Amino acid sequence: MNRDSAGLHVLSRQECIDLLASTPIGRIVFTDRALPAVQPVGFCIDGEDIVIHTGVGTKLAAATRDAVVAFEADDFDPQAHTGWSVTAVGRARAVCDPSEIARLSALPLTTWAPGDRGHFITVRTEQVSGRRIRR
């Protein structure tokens with residue numbers, strides 16, 4: 001088991017992808033008017049890509065088109081003092097191909113926010129890292 005300098009278990013790439021697939025909410029970090037912005041989003045994993053469903057005219061949709069973004073998801077149990085955190089970095093792209101949109105529409109992607117969600121964004125997980133804390 002690999003540990004970092006703080007004693008946390010360093011997760012493999014596959015462990016990171018598996019953990020991302022286990023939770024429906026994450027946070028995407030993107031640039032908005034030259035400043036960092038963080039937004040919680042519902043997502044799912046498609047292979048190793050992160051898939052987000054958002055509105056066509058949203059700030060997120062505009063800001064992530066062919067941009068490098070970061071994505072983070074985690075899960076913690078404060079009673080047991082256990083948990084994990086995974087961070088991914090990659091290029092976000094708007095999905096425009098009708099056949100790909102149809103395929104992504106069939107994924108188990110839950111949207112929590114109200115409003116139209118007619119726009120898909122995928123993030124290729126070019127870099128991924130994660131840590132797990134156990135008692």
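Our structure's up above, just so we're on the same page.
Residues numbered from 1 in each chain as written. Predicted model: local features only at pLDDT ≥ 70, side-chain atom pairs only at ≥ 80, totals over all residues. Heavy atoms only, no water.

1. Points about unusual backbone geometry
At Ala 34, a residue that is not glycine, the phi angle is positive and equals roughly 70 degrees. For Ala 34, the position within the fold is in the loop between strand S2 (25-32) and strand S3 (35-46). (Helix = DSSP H or I, 4+ residues; strand = E, 2+ residues; numbered from the N terminus.)

2. Re the pairing of strand S4 (residues 49-54)
Residues in a regular strand project their side chains so that they alternate between the two faces of the sheet. Counting buried residues along S4, 5 of its 6 residues qualify, which places the element largely inside the surrounding structure. Linking two consecutive strands that pair antiparallel, namely S3 and S4, is a turn of 2 residues; a positive phi of about 70 degrees is found at Gly 47 within it. By the bridge criterion, 6 bridges tie S4 to strand S7 (residues 119-124) in an arrangement that is antiparallel. Considered in S7, the bridge of Val 51 is made with Thr 122. (Buried < 20%, exposed > 50% of the residue type's maximum accessible area, 1.4 Å probe, protein only. Pairing = 2+ DSSP bridges.)

3. Focus: the environment of Gly 26
Structurally, Gly 26 can be placed in strand S2. Judged by its relative accessible area of 0%, Gly 26 falls in the buried class. With 56 residues separating them in the primary sequence, Gly 26 and Thr 82 have C-alpha atoms 18 Å apart. Ignoring any residue separated from it by four or fewer positions in sequence, one finds Gly 26 in contact with Gln 39, Pro 40, Val 41, Phe 43, Phe 71, Glu 72 and Ala 73. (Contact = heavy atoms within 4.5 Å.)

4. A closer look at the pattern of salt bridges
All told, the structure shown has 8 salt bridges when counted by the stated rule. Taking the shortest distance from any N to any O, the salt bridge between Asp 32 and Lys 59 comes out at 3.3 Å. Taken together, the residues Asp 32 in strand S2 and Lys 59 in helix H2 (residues 59-63) connect sequence positions 27 residues apart. Relative accessible area serves as the criterion here: at 48%, Lys 59 is assigned to the partly exposed category. For the salt bridge of Asp 46 with Arg 103, the shortest nitrogen-to-oxygen distance reads 2.8 Å. Here Arg 103 lies in helix H3 (residues 98-105) and Asp 46 lies in strand S3, a separation of 57 residues in the sequence. (Salt bridge = Lys/Arg side-chain N within 4 Å of Asp/Glu carboxyl O.)

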